[in-house]
Amino acid sequence: MINKKWPVTIFLVLMALVIYTVGGITQGGFSRAEANESGHGSAHQSGDVSQAGEGDGIAVLLNGRQLPRPATVSSDFSETRISAQDVADALGYGYRWDATARKLYIEDKEIPAAADPIMVGSVVMVLADEYAQALSLSCNNDSASHRVLLETPQAMKRFADEEPAVRDVMEGKGMTPHTAADGTKEFTLTAELADWAPAKGVLTTAWTYNGQAPGPTIRVTEGDKVRIHFVNHLPEPSAIHWHGLHLPNAMDGVPGLTQKEVQPGQSFVYEFTASHPGTFMYHSHYNDMKQIGGGMYGAFIIDPKEKPAAAPEAGELRDGMTFDRDYTMLLAGNRVNNAAEDVPDYFTINGRSYPDTPPIEMRKGQTARIRLINIDTMEMHTMHLHGMDFQVIARNGHAVKTPETMNTVLLGPGETVDIAFRADAVGDWMFHCHILDHTMNGGEEHARTGSEMGGLITLVKILP
Ligand SMILES: [Cu+2]
């Protein structure tokens, strides 16, 4: 097969390579190549916009949600343009383009000329900074990660407003009950759709109890009579299941099996006795993937009737001790870009993704219990602590016979595991899920960079 034609073949191959390389550089250069390299390329291209011959992999995210058309960036990076209509649509604003006068109106207000609307194909593209300013959005043109990040003031306000609820859940602070004449502790849980910010500048519509995801913690004492008024303000039926509690069958909260579906606008009263101490949860048991996946879950903690003695200064930690700190971590996720029944793209601890999970702060020598609750719809989580070991002291609401010393513990969906540890190493230690695509905000698709940490991570800060 080797004959004198082979130098000609090599020459032709080399020529093809030169043509390919030069073509690639002239055709949109850096941004196109980088975009494809980072995996954000072809999936979100819009025909009209990419015909402009400029960069076509720059995703535009509004409150964490990706808009249909990518941004274009001029080859000298001086101009980033986004689709005016995509942003208006995402915000629910009226949009009008006067092609003759070349003027753009949002909610009948003219967008200042500085936004410089131009037609790219049939799409009106505007300068991102100027347009964002006209709509009172914050705009971060993150060229390193090929994203334009737009945030509304409402998203930032929601994030700030929900902080106390997130901390209360983490610190195991239960709702304040109304105590009836016979001593019954009464609570009200109202199911409703509400905004939720799993991270700063990221907004999703959550399925909530009392406007928060997770719902408020219910914390009672062993033997307490409990009455919960459930009110359904959702657009569909629901019911609440009390996961791990021993109660009358009619109170188990399974629509179609133990009770009728609670229709929108209706309510139902659950009544039972807090049977045994431990870490439990409550959650919807209707249209589970959407309702639980959207945030309808909360911690249910039952304290023992007699307060146990304080944990000793040294030696093994076990259930039936009182620790300096008592934390709860509900492990789950929010769907921001993914459809309701897909895997979450923002994995959360108590409704928050790192770096927006509040850290645990302890002094050296203090002891802590962490009540881990996996209420993810599908995912297992392997929670791993850096720098120290912990003892697994209870599982599924029951003390383990022999506490196990570990640094990583696996929880399947629906499991609870109580761990305890002594803060004996000063420093900032990570506590995180070791399934590593659970530690990326935006999922693999929308993660900014591979090195950026997010999702199921929090910090254990131990001061001297
Ligand atoms: Cu995980």
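In this text the structure is predicted, and so the values were computed from the model without any measurement. (Residues numbered from 1 in each chain as written. Predicted model: local features only at pLDDT ≥ 70, side-chain atom pairs only at ≥ 80, totals over all residues.)

Within the open sheet, the 4 strands sit side by side as β2-β1-β11-β10. Their pairing is mixed. Only two strands of the sheet have a single partner each, and these edge strands are β2 (65-66) and β10 (138-142). Pairing analysis gives 5 bridges linking β10 to strand β11 (residues 147-151), with the strands arranged antiparallel. Across the sheet, Asp-142 pairs through a bridge with Arg-147, a residue of β11. (Pairing = 2+ DSSP bridges. Helix = DSSP H or I, 4+ residues; strand = E, 2+ residues; numbered from the N terminus.)

With that settled, consider helix α6 (residues 153-170). For α6, with 18 residues, the first-to-last C-alpha span of 26 Å sits near the 26 Å given by 1.5 Å per residue. At Glu-163, α6 is deflected by roughly 35°, the largest bend along its length, and proline Pro-164 occurs up to four residues later in sequence. Within α6 the residues assigned to the buried category are Ala-155, Phe-159, Glu-162, Ala-165, Val-166, Val-169 and Met-170. Where the residues of α6 are buried, they touch β11, β13 (185-199), β14 (202-209), β20 (297-303) and β21 (325-334). In the stretch just after α6, Gly-172 is the one whose phi turns positive, near 70°. (Expected span 1.5 Å × (residues − 1). Bend = angle between axes of the 7 residues up to and from the residue. Buried ≥ 20, exposed ≤ 12 C-beta atoms within 10 Å, placed from the backbone. Contact = placed C-beta atoms within 7 Å.)

This part covers unusual backbone geometry. As a rule of thumb, non-glycine residues mostly have phi less than zero, and peptide bonds are mostly trans rather than cis. The step from Ala-213 to Pro-214 runs through a cis peptide bond, and the omega angle for that step is 10°. Inspection of the secondary structure puts Pro-214 in the loop between β14 and β15 (218-221). Cis geometry marks the peptide bond from Tyr-354 to Pro-355; its omega dihedral reads 5°. Within the fold, Pro-355 resides in the loop between β22 (346-349) and β23 (360-363). A positive phi angle is found at Glu-107, which is not glycine, with a value near 50°. For Glu-107, the position within the fold is in the loop between β6 (103-106) and β7 (109-110).

What follows covers the nonpolar core. Residues Phe-300, Leu-330, Leu-331, Leu-372 and Ile-419 are the most contacted members of the largest nonpolar core, which totals 77 residues. In terms of residue count, α6 provides more of this core than any other element does, 6 residues in total. Counting residues in hydrophobic clusters, the runner-up holds 28 residues, among them Val-123, Val-124, Val-126 and Leu-137. (Core = buried A, V, L, I, M, F, W, Y, C linked by C-beta atoms within 7 Å.)

Once that is clear, we can look at the confidence of the model for the protein. Averaged over all residues, the pLDDT of the protein is 87; the fraction at 70 or higher stands at 85%. Within the model, the stretch residues 18-55 combines pLDDT values under 50 with 59 contacts to residues more than four positions away or in other chains. (pLDDT = per-residue confidence, 0-100.)

So, about the pairing of strand β27 (residues 398-406). Relative to β27, strand β26 (residues 390-395) runs antiparallel, the two sharing 5 bridges. Bridge pairing in β27 places Gln-391 opposite Thr-405. Linking β26 back to β27 in an antiparallel pair, the connection comprises 2 residues, with Asn-396 at a positive phi of about 50°.

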